[in-house]
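# Descriptive analysis of the structure
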Number of protein chains: 2
Amino acid sequence: MSERKKRYFLAEEEIPRYWYNIQADMKTKPMPPLNPATHQPLKPEDMYPIFAEELCRQELNQTDTWIEIPGPVREMYKYYRSTPLVRAYGLEEALDTPAHIYFKNESVSPIGSHKLNSALAQAYYCKQEGVTNVTTETGAGQWGAALSYAAKVFGLEAAVYQVKISYEQKPYRRSIMQTFGAQVTASPSMSTRAGKDILTVNPNYQGSLGTAISEAIELARMTPNCKYTLGSVLSHVTLHQTIIGLEAEKQMEMAGEYPDMIIGCFGGGSNFGGICFPFMRHTILEGRKTRYIAAEPASCPKLTRGKFQYDFGDEAGYTPLLPMFTLGHNFAPAHIHAGGLRYHGAGVIVSQLLKDKLMEAVDIQQLESFEAGCLFARAEGIIPAPESCHAIASAIREAKLCKESGESKVILFNLSGHGLIDMASYDKYLAGDLVNYSLTDEDIQKNLEEIKGI
Amino acid sequence: MSERKKRYFLAEEEIPRYWYNIQADMKTKPMPPLNPATHQPLKPEDMYPIFAEELCRQELNQTDTWIEIPGPVREMYKYYRSTPLVRAYGLEEALDTPAHIYFKNESVSPIGSHKLNSALAQAYYCKQEGVTNVTTETGAGQWGAALSYAAKVFGLEAAVYQVKISYEQKPYRRSIMQTFGAQVTASPSMSTRAGKDILTVNPNYQGSLGTAISEAIELARMTPNCKYTLGSVLSHVTLHQTIIGLEAEKQMEMAGEYPDMIIGCFGGGSNFGGICFPFMRHTILEGRKTRYIAAEPASCPKLTRGKFQYDFGDEAGYTPLLPMFTLGHNFAPAHIHAGGLRYHGAGVIVSQLLKDKLMEAVDIQQLESFEAGCLFARAEGIIPAPESCHAIASAIREAKLCKESGESKVILFNLSGHGLIDMASYDKYLAGDLVNYSLTDEDIQKNLEEIKGI
């Protein structure tokens, strides 16, 4: 066996010092979020009561291409960044494809996913502005775990509302948050009015992300020096995630190749945008031909089958109105095991890019995603998160096409996280207990009808 | 915050090309393993029916200081090695100690622990010698997971006997093995005579490592082209693990420091020997003063309270007689959550080194180990395996002594694995449901009496 270069790392001094703000380069800027009462464009200060002020400014910043990463955040990045860029020789051999497959391995973060990239930034800005407590919601718990640790790093107390069904069914992620010292509450809870109201009507309600968001926002509003944080969808979260693509750009250069296509799984858009945007800069500014493929679950197909319009970011309708591809904020996705992809809408930047055909989207069925995950695990030794399995499945589809055509295309995908806390899902897949979920056009249309008046 | 170097990596070409065989350098060589029937020193060929031949030769090799790492094994190492050497600034700050604390992070292996370093080597040699199937036993499942993946890499089929109580209580590790394509059987099983015999007498027996070993050996013996593999204790396993210390040596040089003490948790000795032996070379050959500290659980104190004598390596007495510090091969350790440290004896090399006072040992109670693990998690963001918590606890003790004395000693410990599959144990600790286990001198003496005649 000849010696082959497998992994590419950056020296610590090469870790990027700026995040990339694609909004500044976009020829068609995203439409503004609107105040739902007045339908006026939102200003940063409208969001100050809820988010750290710097995050509100980043959210709406359409002018500064590069945002400096604060020193203390960059110091923390050094504990796990650069993450490796890996040439997936094992997967290439398993598929017998001439394609060159690379993946950026975000699963090596101490938290096990890319979520920490933004959690550290959000916790830092909160601390800088005198905040003492942060709140958030979490479903499966990836984001909650990242925020719990980031809060600890910057000396903040964290309160996490975890969707009750996950709190009970995925106890390990709850334990991780508690080990980091966070207060974790099953949502709906009696600790907020929103929770109490729901429990009064339905004492056995198993919770939803929408309810958990309401509880976390309410707690942030009612508590002095307390802010709310969010793990995806918003533009400032994706901004922080561009560290992934900025590193990958340098690492691909070390490998002497440039991707023909870049693939990320898609929930709210932060890991997809994180890896793609720094490359997309060259498409926007220099006309470089690269495909950007968002892989979403077939059971929650906002990009492939949703509609571009103003909608709420949460089920309860507490957020500003966001211009996005959506299935309707009251869309209830099937209980697929990729919990992180069960979200009704796409972030405003990605929505505009899809509208402008700068990117494309594919939908992946649950069984295909787990089949891809198992193949990847056996070939590369890493058990991928069920969310990341969607990106892998899309990469495999493309690599098979290369085999048919004989082309050695360069495929780059983001391995957003590992699946070690999701083994119960793999168990079910291996036992043949998982199913695909299909939505009829009627299902989708009916749900979209309900938000027509917004 | 000033910029500080956090992590040290080696370039791929710097990854060691040889394992270090400390037996060649030891002034007092380990005493030979004995054939239990004849009490004659074991020859490599006596073990050929069970292990790959090259492994048998490595086991008893007392002459070659450096053993070349086969190309294909080194190619696989590149997927996760070098592992980072990390300066634990967070832990230093949490302890307010002048000590400089470093840890070698083996938890970043795809399998989550150092076990893969030997699994890849063992699977490779089996493949080279025409073996098609490998067997092993596993308790908590760290070794079983590593072997399952390594077998897949080299195109072997793996059959793992997992202690029944773990198979049922820790289903995630079983799922990991199955995801890698291994056949996992709860032991005792009806698939072997050893298993059948036990089940006939006691249908509800929850299994033990000893029984699982017997089943795995029996399957290897009864199956053509099938060999048995082991994850610790034996000298060839520790040989493969010296990759840890060889890398750490170069990385400490990059950091411009040399450890005053090196700490590893201790089960059979492979992770401890792996990190220590390459440094100990300088103590043996050049008289360099470095402390080597094995951290064992107080509930299984073979090094601190056991006896040096010939004993069997397994409960059933199927193995050769090994000269080692032991609590007796029929010692039943308490059900602490650091399953990987629940072994009655120490490897023959480490036993000789302890006898010769080249190293020292400390015992750590369960509650202290988890307290250390939680402190580490909050300070460094990584949830350590319950086994690794013992090394961390010992490092914390030493760092606190430095605070008292005002000395800036350099402490290096091995983070052998992460604890993401052990969150149920952390749950119990955080809920106050874990206890310490104490052994009276009488308990220990009584058990040692039983093996007096060996």
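Please refer to the structure placed before this passage.
Our subject in this report is the structure included herewith. This one's a predicted model, so the numbers in the text were calculated from it and none came from an experiment. (Residues numbered from 1 in each chain as written. Chains lettered and ligands numbered in written order. Predicted model: local features only at pLDDT ≥ 70, side-chain atom pairs only at ≥ 80, totals over all residues. Heavy atoms only, no water.)

Contacts between the two partners involve 52 residues from chain B and, on the opposite side, 52 residues from chain A. Between chain B and chain A, the buried area comes to about 4500 Å², and carbon and sulfur atoms account for 55% of it. Residues D427 of chain A and R174 of chain B are paired through a salt bridge, measuring 3.8 Å at the closest nitrogen-oxygen approach. For the interface between chain B and chain A, the tally reads 26 residue pairs in polar contact (both at pLDDT 80 or more). Those elements that provide at least two residues to the side of chain B that touches chain A are helix 2 (71–77), strand 4 (85–87), helix 3 (89–95), helix 5 (142–153), helix 7 (171–179), helix 14 (366–380) and helix 16 (423–430) of chain B. For the side of chain B that touches chain A, the element with the highest residue contribution is helix 7 of chain B, accounting for 6 residues. Class assignment for the residues of the side of chain B that touches chain A results in 26 nonpolar, 9 polar and 17 charged. (Contact = heavy atoms within 4.5 Å. Buried area = accessible area lost by both parts, 1.4 Å probe. Salt bridge = Lys/Arg side-chain N within 4 Å of Asp/Glu carboxyl O. Polar contact = N/O pair within 3.5 Å; in protein donor to acceptor, adjacent residues only side chain to side chain. Helix = DSSP H or I, 4+ residues; strand = E, 2+ residues; numbered from the N terminus. Nonpolar A, V, L, I, M, F, W, Y, C, P; charged D, E, K, R; others polar.)

Moving on to the packing of helix 11 (residues 270–286) of chain A against helix 13 (residues 348–355) of chain A. All names here are of chain A. The N-to-C vectors of helix 11 and helix 13 enclose an angle of 55 degrees; their axes lie 11 Å apart at closest approach. Relative to helix 13, the element helix 11 lies oblique. Viewed along their axes, helix 11 and helix 13 form a crossing whose handedness is left-handed. Residue-level inspection shows F272, F277 and M280 of helix 11 in contact with helix 13, the latter providing I349, V350 and L353. Split into classes, the residues belonging to the contact of helix 11 with helix 13 amount to 6 nonpolar, no polar and no charged. (Axes fitted to C-alpha atoms, helices over the stretch in contact; angles between N-to-C directions. Parallel < 35°, antiparallel > 145°, perpendicular 65-115°, else oblique. Left-handed = near helix turned anticlockwise from the far one by under 90°.)

So, on to the side chain of S187 of chain A. Turning to its location among the elements, S187 of chain A is positioned in strand 8 (residues 183–187). Apart from residues lying up to four places away in sequence, S187 of chain A is in contact with Y161, Q162, V163, K164, Q206, G207, T211, A212 and E215 of chain A.

So, about the packing of aromatic side chains. A complete count under the given rule lists 30 aromatic pairs over all chains for this structure. Between Y77 of chain A and Y80 of chain A, the ring centres sit 6.3 Å apart and the planes meet at 80 degrees, which makes this aromatic pair edge-to-face. A relative accessible area of 0% means that Y77 of chain A is categorised as buried. The exposure class assigned to Y80 of chain A is buried, which follows from its relative accessible area of 2%. Here the aromatic rings of F376 of chain B and F413 of chain B are separated by 6.0 Å at their centres, their planes lie at 70 degrees, and the arrangement is edge-to-face. Within this pair, whereas F376 of chain B is found in helix 14, its partner F413 of chain B is found in strand 15 (residues 410–415), the two being separated by 37 residues in sequence. (Phe/Tyr/Trp six-rings, centres within 6.5 Å; stacked < 30°, edge-to-face > 60°. Buried < 20%, exposed > 50% of the residue type's maximum accessible area, 1.4 Å probe, protein only.)

Further remarks concern the sheet that holds strand 15 of chain B. Residue and element names in this part refer to chain B. If you trace the 7 strands from one edge of the open sheet to the other, you get 1-4-5-15-10-11-14, paired in mixed fashion. Each edge of the sheet is formed by a strand with only one pairing partner; in this case those strands are strand 1 (7–8) and strand 14 (360–364). As paired strands, strand 10 (residues 261–265) and strand 11 (residues 291–297) are joined by 5 bridges and run parallel to one another. Its bridge partner lying in strand 11, M261 is registered against R291. In the packing of helix 11 (residues 270–286) onto the sheet, the strands contacted are strand 5 (100–105), strand 10, strand 11 and strand 15, and the crossing angle to strand 10 comes to about 160 degrees. Lying over the sheet, helix 15 (residues 386–405) contacts strand 5, strand 10, strand 11, strand 14 and strand 15, oriented at roughly 150 degrees with respect to strand 10. (Pairing = 2+ DSSP bridges.)

Spatial relationships are all this shows, so hold off on functional conclusions.
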